[in-house]
Amino acid sequence: MVAWVAGFVREYFHKQITAMFNLKQKTPPLAAQLAVMTIILAILAAAGIILAAGPQATNVPVIVIVAVLAVIAASLLSYAISRAHTAHLTTTITSLMTACDDAIFTSQLKSQILATVSHDLRTPLSSILSYAEIMLQGMNGPVTDQQKETLNRLANNAEQLLAFVNKLLDSAQIDAGKVNLEIAAFPPSELLFSIDTMVNGQASRKGLSLITEIDEGVPEEVVGDLARMEQIVSNLVGNAVKFTEEGTVKVRVYCPDDDHWAVDVSDTGPGISKEAQENIFDAFWQLDGPDNRTRDKGSGLGLYIVKQMTNLMNGEVSLVSEVGQGSTFTVTVPMMRPEETSS
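Predicted model, so just to flag it, every value in this text is computed and none were measured.

### Quick word on the overall build of the protein chain
Logical step 1: The helix and strand inventory of the protein chain stands at eight helices and seven strands.
Logical step 2: Counting all 343 residues of the protein chain, 35% fall into the buried class.
Logical step 3: A separation of at least 24 residues holds for 70% of the contacts in the protein chain among residues at least 6 apart in sequence.
Logical step 4: Of the accessible surface of the protein chain, which amounts to about 20700 Å², a share of 58% is contributed by carbon and sulfur atoms.

### Digging into the pattern of salt bridges
Side chains that carry opposite charge are capable of pairing whenever their charged atoms lie near each other.
Logical step 1: Going through the model one piece at a time under the given rule, you end up with six salt bridges.
Logical step 2: Ionic pairing is found between Glu149 and Arg153, a salt bridge with its closest N-O pair at 3.0 Å. With Glu149 and Arg153 both in helix α4 (residues 145-175), this residue pair falls four residues apart, about one helical turn.
Logical step 3: On the basis of relative accessible area, Glu149 is assigned to the partly exposed category, the value being 43%.
Logical step 4: The salt bridge partner of Asp264 is Arg252, with a shortest N-O separation of 3.5 Å.

### Section: α4
Logical step 1: With 31 residues, α4 extends 45 Å from end C-alpha to end C-alpha; this agrees with the ideal 45 Å at 1.5 Å per step.
Logical step 2: Those residues of α4 that sit buried are Leu151, Ala155, Ala158, Leu162, Val165, Lys167, Leu168, Leu169, Asp170, Ser171, Ala172 and Ile174.

### Thoughts on the sheet that holds strand β5 (residues 260-267)
Logical step 1: The strand order β2-β4-β5-β7-β6 describes an open sheet built from five strands, whose pairing is mixed. In this open sheet, the two strands that pair with only one neighbour each are β2 (209-214) and β6 (316-321). For this sheet the average axis-to-axis angle between neighbouring strands, irrespective of direction, equals 20°.
Logical step 2: As paired strands, strand β4 (residues 248-257) and β5 are joined by seven bridges and run antiparallel to one another. Following the sheet pairing, Val251 is matched in β5 by Val265.
Logical step 3: Where helix α6 (residues 226-242) meets the sheet, it contacts β2, β4, β5 and β7 (327-334), and its direction lies at approximately 20° from that of β5.
Logical step 4: Each of β6 and β7 touches helix α8 (residues 302-312); the most contacted strand, β6, lies at about 135° to it.

### Here's the deal with the packing of aromatic side chains
The geometry of two aromatic rings is summed up by the distance between their centres and the angle between their planes.
Logical step 1: Enumeration over the complete set of coordinates arrives at two aromatic pairs.
Logical step 2: Ring geometry for Phe281 against Phe329: centres 6.2 Å apart, planes inclined by 90°, an arrangement best described as edge-to-face. Of the two residues, Phe281 sits in the loop between α7 (274-277) and α8 while Phe329 sits in strand β7, which places them 48 residues apart along the sequence.
Logical step 3: The class of Phe329 is buried, set by a relative accessible area of 9%.

### A short note on the nonpolar core
Logical step 1: If you look at the biggest cluster of nonpolar residues, it comprises 44 residues, and the most contacted ones within it are Leu191, Val233, Val237, Trp261 and Val263.
Logical step 2: For this core, the secondary structure elements donating two or more residues are α4, α5 (188-205), α6, β4, β5, α8, β6 and β7.
Logical step 3: Ranked by residue count, the leading element in this core is α6, at eight residues.
Logical step 4: Those residues in contact with Val237 that sit more than four places away from it in its chain are Ile195, Val199, Leu210, Val249, Val251 and Val265.
Logical step 5: Leu125, Leu129, Ala132 and Val165 belong to the second largest nonpolar core, which has seven residues in total.

### Side note on the side chain of Ser327
Logical step 1: Position of Ser327 relative to the elements: it lies in strand β7.
Logical step 2: Overall, the relative accessible area of 4% leaves Ser327 in the buried class.
Logical step 3: Of the polar contacts made by the side chain of Ser327, one reaches the side chain of Ser321; its length is 2.8 Å.
Logical step 4: Those residues within four positions of Ser327 in sequence are excluded, and the remaining contacts are Val265, Ser266, Asp267, Gly271, Ile272, Leu319, Val320 and Ser321.

### Considering α8
Logical step 1: For α8, the complete set of buried residues consists of Gly302, Leu303, Tyr304, Ile305, Val306, Met309 and Thr310.
Logical step 2: Contacts from the buried residues of α8 go to α4, α6, β6 and β7.
Logical step 3: Positive phi appears at Asn314, one or two residues downstream of α8, with a value of about 60°.

Cut-offs applied
Residues numbered from 1 in each chain as written. Predicted model: local features only at pLDDT ≥ 70, side-chain atom pairs only at ≥ 80, totals over all residues. Heavy atoms only, no water. Helix = DSSP H or I, 4+ residues; strand = E, 2+ residues; numbered from the N terminus. Buried < 20%, exposed > 50% of the residue type's maximum accessible area, 1.4 Å probe, protein only. Contact = heavy atoms within 4.5 Å. Areas by Shrake-Rupley, 256 points an atom, 1.4 Å probe, with all protein chains shown as cover. Salt bridge = Lys/Arg side-chain N within 4 Å of Asp/Glu carboxyl O. Expected span 1.5 Å × (residues − 1). Pairing = 2+ DSSP bridges. Axes fitted to C-alpha atoms, helices over the stretch in contact; angles between N-to-C directions. Phe/Tyr/Trp six-rings, centres within 6.5 Å; stacked < 30°, edge-to-face > 60°. Core = buried A, V, L, I, M, F, W, Y, C linked by side-chain atoms within 4.5 Å. Polar contact = N/O pair within 3.5 Å; in protein donor to acceptor, adjacent residues only side chain to side chain.

Structure, rendered in structure tokens:
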């Protein structure tokens, strides 16, 4: 009888150890720990059998029953603890899913509020700009030099605020996934003409040369969203003009390969450090210290919008810059020709 009990216990140990070490994990999980607990209790029960049986083994049937009951009790204890652990995991996962849903709802609500507020702000700001321009042109009577200076400052600040509001609206639309591309054929020269019209005056006031060029090999027409490309490139050129004190800002259209066309925006400004380049495309992120002119900080949204808009076009934007040697931003988008849009 003792031999039978020893065999039973040995077989039970073998199964428990196999179950534990088949779990291929560095740290034993709860199931393995419970298996060890069960084995220890079984060992104690077996030891009690052997000691109590003695040489005559007259009490073996009773002790065998006790040992089996001990093993059953240990298994039930393991099962109960495992169920409690499972319930705890289920509660934790449910809480995490609820928190995730709440975060998504909060983000969507934030985007909706930003879009609504930004849209409502644009109309009065545009009116302020219009009235300032009317007064500057003398339509309401003569304007003194001092009044012109005040009106120019008013118009400049209103333009900056309107640009910030527009960027907020664009950012909210991007986050909400509501930006739609209007794909059509357009000549790259039209893109450069628009950029020159929008930014040349600002560059001239700072004494900077704005150079635009199209390399040979660029098709007469490409396919894309002209308005979004204008937005992307004007953001880059505007930043280049803003942070460059002397020299040139150059916009170049070229084809890096047969499947893509690209726009380079390079300047002779102060450059951007390697550390700052890691975060330069993050929303609301701004340069600090010697890399930035604190008198002319922006919203921190321009390059974020550039990055997101470029991604929508299945393109990419990159930056090459050294402190003291200027910067070059490159927007690369897939090459599509007019005949590819007919479907």
